[in-house]
Amino acid sequence: MMNQDEKRGQRGDSFLSEVVNASGETIDSCYQCQKCSAGCPVAYAMGILPHQILRHIQYGHREKVLSSRTIWICASCYTCGVRCPNNISIARVMDTLRHLAIHAGVKLGEEDVPIFHSVFLDAIKKGGRVYELGLIFQFKSKTRDFLKDTELGWKMFRRGKIRLLPPPFSSKKEIREIFNVYEKGKRG
Ligand code: SF4
Ligand code: SF4
């Protein structure tokens, strides 16, 4: 009887095998329930949603996946892995994809990613969690690209994914300690 690798090899989906082997995640078992994308805190800023990335990997769409902005927007928060009924850690898959993209010399899918990361970390530092409207405002004011993704933003707002008011923040001390440790680590 053939094992999973042999079956994949027969179908010619070497990209799927490559990502499965490098990440250790059972991407084949994803049945597109979309729970990962529904809970992703930064889905509104992604081009291709997390469950769609998994589907593209299953179909062997290497270039589309490795050049997507999604793999750089993912904040590795692990929310999706907790929600996945098949225990697939998409954060680990995204990490693998970033490594593959760098290794393959693929052009960065999103030039504004470093700005997004700094605005995202700043938002966590100040509010303990993402306040989407504030984050979008900060991101737009830094990139000066006010029209990009307006349709996506409106769609997310209508679905109730963008809150008008910041969420309550009660763990200021703990968050400050985490950032202090991080800053010390950066300074070596
Ligand atoms: S939650 Fe898991 S099974 Fe569902 S779409 Fe996402 S990765 Fe696939
Ligand atoms: S790990 Fe990445 S893809 Fe998963 S919920 Fe967090 S930001 Fe979204």
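Residues numbered from 1 in each chain as written. Chains lettered and ligands numbered in written order. Predicted model: local features only at pLDDT ≥ 70, side-chain atom pairs only at ≥ 80, totals over all residues. Heavy atoms only, no water.

### Here's the deal with the overall build of the protein
Right, so step 1: Check the secondary structure of the protein and you find twelve helices and zero strands.
Right, so step 2: The secondary structure elements of the protein, listed N-terminal to C-terminal, are α-α-α-α-α-α-α-α-α-α-α-α.
Right, so step 3: Looking at the protein as a whole, 38% of its 188 residues qualify as buried.
Right, so step 4: In the protein, once contacts between residues fewer than 6 apart in sequence are set aside, the share between residues at least 24 apart is 68%. (Helix = DSSP H or I, 4+ residues; strand = E, 2+ residues; numbered from the N terminus. Buried < 20%, exposed > 50% of the residue type's maximum accessible area, 1.4 Å probe, protein only. Contact = heavy atoms within 4.5 Å.)

### Re helix α10 (residues 132-143)
Right, so step 1: Its twelve residues place the ends of α10 16 Å apart at the C-alpha level, agreeing with the 16 Å of an ideal helix rising 1.5 Å per residue.
Right, so step 2: Of all the positions in α10, only E132, L135, F139, K140 and T143 are classed as buried. Buried residues of α10, viewed axially, fall in a sector of 125°; they line one side. (Expected span 1.5 Å × (residues − 1). Arc of directions from axis to C-beta.)

### Topic: the nonpolar core
Right, so step 1: Grouped together as the largest cluster of nonpolar side chains are 45 residues, with contacts concentrated most on I57 and L97.
Right, so step 2: Contributing elements (two or more residues each) for this core: α2 (14-23), α4 (50-58), α5 (62-66), α6 (70-73), α8 (90-103), α9 (113-127), α10 and α12 (172-187).
Right, so step 3: Non-local contacts of I57, meaning those with residues more than four positions away in its chain, are made with F15, L16, V19, I27, V65, V93 and L97. (Core = buried A, V, L, I, M, F, W, Y, C linked by side-chain atoms within 4.5 Å.)

### Quick look at α2
Right, so step 1: Turning to α2, its buried residues number three or more, namely F15, L16, S17, V19, V20 and S23.
Right, so step 2: Phi turns positive, to about 75°, at G24, one or two residues after α2.

### What about the site of ligand 1?
Right, so step 1: Near ligand 1 there are 13 residues, and of these C30, C33, Q34, C36 and C84 occur at the shortest range.
Right, so step 2: Residue classes in the shell around ligand 1 are distributed as eight nonpolar, four polar and one charged. (Near = heavy atom within 4 Å. Nonpolar A, V, L, I, M, F, W, Y, C, P; charged D, E, K, R; others polar.)

### Re the pattern of salt bridges
Right, so step 1: On inspection of all chains with the given rule, the structure shows five salt bridges.
Right, so step 2: The residue R98 makes a salt bridge to D95 at a minimum N-O spacing of 3.5 Å. Of this pair, R98 and D95 are both found in helix α8, three residues apart, which corresponds to roughly one turn of the helix.
Right, so step 3: According to the relative accessible area criterion, D95 is partly exposed, its value standing at 35%.
Right, so step 4: Close ionic contact of K173 with E177 constitutes a salt bridge, the shortest N to O distance being 3.6 Å. Residue K173 and its partner E177 are both found in helix α12; the two are separated by four residues, about one turn of the helix.
Right, so step 5: Assessed through its relative accessible area of 54%, K173 is described here as exposed. (Salt bridge = Lys/Arg side-chain N within 4 Å of Asp/Glu carboxyl O.)

### Notes on the site of ligand 2
Right, so step 1: Around ligand 2 sit C40, P41, V42, P50, C74, A75, S76, C77, Y78, T79, C80 and A91, and that is every residue in its neighbourhood.
Right, so step 2: Classifying every residue of the shell around ligand 2 by side-chain character gives ten nonpolar, two polar and no charged.

### Concerning the environment of C40
Right, so step 1: With respect to the element layout, C40 can be found in the loop between α3 (35-39) and α4.
Right, so step 2: In sequence terms C40 and A75 are 35 residues apart; their C-alpha atoms lie 9.3 Å from each other.

Shape is all these values report; function is a separate question.
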